[in-house]
Amino acid sequence: MSGIATVFGGSGFVGRYIVQRLARAKWRVRVAVRRPNEALFVRPYGTPGQVEVVGTNIRNEQSVARAVKGADVVINCVGILVETRSQKFSAVHGEAAGRVARLAAAAGARRLIHISSIGADPESESRYARSKGLGEAAILDAFGEAVILRPSVVFGPEDRFFNKFAAIARLSPVVPVICGNTRFQPVYVGDIAAAAMSAVENNGCSGIFELGGPEVESFRSLLQRMLFCIRRRRLVLEIPLPLARMKAGSLDILQFVSAGLFVNRFITLDQTRQLGHDNTVSGNEGVFSDLGIDPTAMDAVFDSYLYRFRPSGQFTAIHESSAVIRKGGERH
């Protein structure tokens, strides 16, 4: 074994891919999560006993200290997209991120890798982006040689971006878009895991790296690409920003007055603020090439998981081939 690695949020979308790579590289892995019973699926990623799931509250000092004790490498993948009564951006992205860094340093960890996001800025108007920026500052203050990875929107089999809009397109003739001209640089989840492993293995690596894929496209263009992949003809309808903010605000209020019974996973007011800014590599920080990684194109991955949203599912290719053959026969 290479040593002990603690991965906070190791059962999440990005975290599970990092755990897989660590296990293949012979690391002993502690997957630190809030609900261990829901993360048991990660244990077969390694040999018996290699991947251990431990219950951890990232907002509790003693809990985090136990999780990082004896760890050579600590990786923090914890993040939320929507605030709830018990989970706030400032607590999860800011205070907890700083706590992990501080306790990892105190425990003698040699490497700390933190998954942040492009757009992280302590001065941002968005609470999400502001909390990410404050968290990064706390991390670098506690663990100066930390590696911070800032991905653009992440795609892959478990993503909440393309899967969400493909599900809408399967049921609705209209796919709504807000700030359709905002540019994104989608990054494959496996490439983020590769970047994390590069940081683990390179002791001289430190600082901030912005991770974007090889393609930069507008929000509208990404939805059209997704629709082409799932073979659906749908109207991509631009929702005026003022109207979107009114709708998002009303949903936020509904979440508040419902005392947590309803969680706004559609569109929040804070997300409309984020959508007003491009989500692409700035050129001011490290990038994939600095980590020795050639990022994956969207078309190389889309078919592997979006096929289920096609009218004929996994049989689409067979039906399309049959249609071509029939047309050829008609010409003869």
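In short, a report on the structure. Model, not experiment: these values are computed from the prediction.

## Details of the overall build of the protein chain
Then comes step 1: Helices and strands together make up the secondary structure of the protein chain, namely eleven helices and 13 strands.
Then comes step 2: At 21 Å, the protein chain has a C-alpha radius of gyration in line with the 20 Å of a compact globule built from 332 residues.
Then comes step 3: Taking the principal axes of its C-alpha atoms as reference, the protein chain extends roughly 75 × 45 × 40 Å.
Then comes step 4: When burial is assessed residue by residue, the protein chain has 52% of its 332 residues classed as buried.

## Some thoughts on the packing of aromatic side chains
Then comes step 1: The final tally for this structure, using the stated rule, is 13 aromatic pairs.
Then comes step 2: With 5.6 Å between their ring centres and 65° between their planes, Phe-161 and Phe-165 make a pair best called edge-to-face.
Then comes step 3: The class for Phe-161 is buried, based on a relative accessible area of 13%.
Then comes step 4: Grouped by ring-pair contacts, the aromatic residues Phe-155, Phe-161, Phe-162, Phe-165, Phe-184, Tyr-188, Phe-219, Phe-302 and Tyr-305 constitute a single cluster.
Then comes step 5: A cation over a ring is seen here: Arg-231 above Phe-228, with NZ or CZ 5.9 Å from the ring centre.

## Brief notes about a nonpolar patch on the surface
Then comes step 1: Together, Ile-253, Leu-254, Phe-256 and Val-257 give the surface a local cluster of nonpolar side chains, amounting to about 450 Å² of exposed area.
Then comes step 2: Following the sequence through the fold, Leu-254 ends up in helix H8 (residues 241–257).
Then comes step 3: Residue Leu-254 is classed as partly exposed on the basis of its relative accessible area, which comes to 40%.

## A few points about the environment of Leu-269
Then comes step 1: Structurally, Leu-269 can be placed in helix H9 (residues 269–274).
Then comes step 2: Each C-alpha atom of the pair Leu-269 and Ala-248 lies 5.0 Å from the other, and the pair is 21 residues apart in sequence.
Then comes step 3: When near neighbours in sequence (up to four residues on either side) are disregarded, Leu-269 contacts Arg-245, Ala-248 and Asp-252.

## A look at the pattern of salt bridges
Then comes step 1: In total, this model carries 13 salt bridges according to the counting rule given.
Then comes step 2: Residues Glu-210 and Arg-150 are paired through a salt bridge, measuring 3.3 Å at the closest nitrogen-oxygen approach. Of this pair, Glu-210 sits in strand S11 (residues 207–211) while Arg-150 sits in strand S6 (residues 147–151); the two residues are 60 residues apart in sequence, bridging distant segments of the chain.
Then comes step 3: For Glu-210, a relative accessible area of 5% puts it in the buried group.
Then comes step 4: Judged by relative accessible area, Arg-150 falls into the buried class, the value being 10%.
Then comes step 5: With a shortest N-O distance of 2.3 Å, Arg-225 and Glu-217 are connected by a salt bridge.

Each value, and the rule that gives it
- Residue positions are given per chain, counting from 1 as you read along its sequence in written order.
- Predicted model: local features are reported for residues with pLDDT of at least 70 only, side-chain atom pairs are reported and counted for 80 or more only, and whole-chain, interface and lining totals are derived from all residues.
- Side-chain numbers come from the whole structure's heavy atoms, not from hydrogens or water.
- We count a stretch as a helix when DSSP gives it H or I for four or more residues in a row; a strand needs E for two or more, and each element gets its number in order from the N terminus.
- Radius of gyration: C-alpha atoms only; globule rule: 2.2 Å multiplied by the number of residues to the exponent 0.38.
- Burial classes: relative accessible area under 20% of the type maximum marks a residue as buried, over 50% as exposed, and values in between as partly exposed (1.4 Å probe, protein chains only).
- Note on ring pairs: Phe, Tyr and Trp rings are taken, using the six-membered ring of Trp, and paired if centres are within 6.5 Å. Classes follow the plane angle, with under 30 degrees stacked, over 60 edge-to-face and the rest tilted.
- Two conditions define a charge located above a ring, namely a distance within 6 Å from the ring centre to NZ of Lys or CZ of Arg, and an angle within 35 degrees of the ring normal.
- Each patch groups residues whose relative accessible area exceeds 30% and which form no salt bridge, using 9 Å between like charges and 5 Å between nonpolar side chains of Val, Leu, Ile, Met, Phe, Trp and Tyr.
- The protein chains shown are the only cover counted for residues, whose accessible areas, like all others here, come from Shrake-Rupley with a 1.4 Å probe.
- One side-chain nitrogen of Lys or Arg within 4 Å of one carboxyl oxygen of Asp or Glu is enough to make a salt bridge.
- Should any heavy atoms of two residues lie within 4.5 Å, those residues are considered in contact.

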